[in-house]
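For reference, the chains in residue letters:
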Amino acid sequence: MVKVITYGTYDMLHRGHIRLLERAKALGDYLIVGVTADDFDKTRGKINVQQSLMERIDGVKSTGLADEIIVEEYEGQKIDDIKKYDVDIFTVGSDWKGKFDYLNEYCKVVYLERTQGVSSTEIREQKRQLRMGLVGESKYLCKLLKESTYVNGLSIEAIYSDSLDDVPVELKKLKTVTDNLDVFINAVDAVYIRSFPTKHYEQIKKVLNAGKHVLCESPITLDKQQCKELFELAQAKGCILMEAIKTAYNTAFSRLVLLAKSGKIGDIVSVDATCTSLKELAANEVEKLTVWNSAFDWGPTAMLPVFEILGTNYKLKRIVTHYIDKERNFDDFTKMDFTYDNAVASIKVGMGVKSEGELIVSGTKGYIYVPAPWWKTDYFELRYENAADNRRYFYQLDGEGIRYELVAFVRAIDNGRMARYIEEYVSEAISSIVSDFHNGIDVIAIKN
Ligand code: CTP
């Protein structure tokens, strides 16, 4: 019996897939189809796959051509599969020509001519092209523009700023460049906001009232009540309002939160997160508020693991800060402590002070260690008293997680419901703490 194996994503099954499977089947007597799992597929830059793994498996099943369907979950799996299933022929479409020649060592490799004129990417793009606009002046928006090119069904077309002179030149090439918010809103279906946090509330409200979706850099607002109100408004308008903390969309991060909650390190007693960066500030940046202080810039990211793991029901909080411009609430370093009934947490953030950017979650049986920079990690460890029990976990991370955040946003819009990467109560807690910092509530200054 000649065994044939082939792999693919098989998103929104089309005639190119069916023709490929027919010819693959004809190469032998038994056809095994490997359907690529979601996460793994990101590693090939194929993101915004529309169908779930189960739906894609069902699609392949419905062709009646596969004798066996397996899931492709990790890189290097092909060799394992070929040995395990005693495969004679490996085949894929000619778009992969040459890429799998290394498998010749294990079986025969056949590239089949790709069917012209059809692909999942095209189908996804025809389905809907979301026009996105950017709000703000930050250089970070250039990164976002670049990352958006990896996401199917999304194109960034406009920028709004009330200070156009400060917008990076790269962004001035977009189709619509304006300081008129109404003109901007009309030109787009969804917006990404990275303006100074004091402006968020009014801007988000206006965009939502126009029936457009919002992805907003954290903190969403500087007031818990306003944050709640905006989520309610989004719901009433049938729009998506999502908080942009890229770490929340990172696979390694979400896995470590799940592992921490699953009891792998016993009861959690402490969460300690540090995020710092050294940044040269231009003379009037602080004055013009075109840069964020460390509590705004890093605070939400550092609070994320604390609230995701321990919840937001802390009993006490204390903020100690080091201002460089007290009048404008501009700190270069801040430490926050949270006391819960059975646990404690502390975060350290700095934008002009450098420290080890690690995350440690301590439990009664062991601890999770995420090395610096933990907020864009692809790796973490579970560590125990007996080092032989330690475990290491690796996950692919591309583009610092920004592209995954964009994919989650597009999907939430397509599905008509909020993606639950960051729960609303976490967003509200972040808003409320950053607001306390902004208003000097519970803040001790170590320098004025
Ligand atoms: N395939 C093909 N002809 C097409 C499209 C795909 O022969 N027009 C083949 C691919 O070469 C591969 C298999 O079908 O062997 C599964 O392809 P997959 O990557 O899932 O589909 P694509 O349509 O190529 O997806 P995308 O557009 O996202 O690259």
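Everything numeric in this text was worked out from a predicted model, so none of it was measured. (Residues numbered from 1 in each chain as written. Predicted model: local features only at pLDDT ≥ 70, side-chain atom pairs only at ≥ 80, totals over all residues. Heavy atoms only, no water.)

Draft legend 1. Inspection of the UniProt feature "domain: Gfo/Idh/MocA-like oxidoreductase N-terminal" (unreviewed entry) in the chain at higher detail. UniProt tags residues 177-243 as "domain: Gfo/Idh/MocA-like oxidoreductase N-terminal" (unreviewed entry). With 49% helix and 22% strand, residues 177-243 has its two end C-alpha atoms placed 24 Å apart. (UniProt positions renumbered as here; feature names shortened; annotations may be inferred. Helix = DSSP H or I, 4+ residues; strand = E, 2+ residues; numbered from the N terminus.)

Draft legend 2. A look at the side chain of Gln203. In this fold, Gln203 is placed in helix H8 (residues 197-209). At a separation of 2.6 Å, a polar atom in the side chain of Gln203 contacts the side chain of Ser195. Excluding residues within four positions of it along the chain, Gln203 makes contact with Val135, Tyr160, Leu181, Ile193 and Ser195. (Polar contact = N/O pair within 3.5 Å; in protein donor to acceptor, adjacent residues only side chain to side chain. Contact = heavy atoms within 4.5 Å.)

Draft legend 3. Seen up close, the pairing of strand E5 (residues 108-112). In terms of burial, E5 is largely enclosed, as 4 of its 5 residues are buried. Pairing analysis gives 5 bridges linking strand E4 (residues 89-93) to E5, with the strands arranged parallel. Residue pairing in the sheet places Val92 in a bridge with Tyr111 of E5. (Buried < 20%, exposed > 50% of the residue type's maximum accessible area, 1.4 Å probe, protein only. Pairing = 2+ DSSP bridges.)

Draft legend 4. Geometry of the state of the cysteines. Summed over the entire model, instances satisfying the criterion amount to 0 disulfides. The structure places no disulfide on Cys142, whose sulfur is separated from the nearest cysteine sulfur, that of Cys216, by 18 Å. The exposure class of Cys142 is buried, given its relative accessible area of 12%. Cys227 takes part in no disulfide bond, and the closest cysteine sulfur, belonging to Cys216, lies 9.3 Å away. Its relative accessible area of 0% is what places Cys227 among the buried residues. (Disulfide = S-S within 2.5 Å.)

Draft legend 5. Focus on the sheet that holds strand E8 (residues 176-178). Strand order in the open sheet formed by 6 strands is E8-E7-E6-E9-E10-E11, with parallel pairing between adjacent strands. Whereas interior strands pair on both sides, the edge strands pair on one side only; in this sheet they are E8 and strand E11 (241-244). Strand-to-strand, the axes of this sheet are offset by a mean angle of 25°, without reference to chain direction. As defined by bridge partners, strand E6 (residues 130-136) adjoins strand E7 (residues 154-160) across 6 bridges and the pair is classed as parallel. Considered in E7, the bridge of Leu130 is made with Leu154. Across the sheet, helix H14 (residues 402-415) is in contact with E6, E7, strand E9 (190-194), strand E10 (213-217) and E11; its angle to E10 comes to roughly 155°. (Axes fitted to C-alpha atoms, helices over the stretch in contact; angles between N-to-C directions.)

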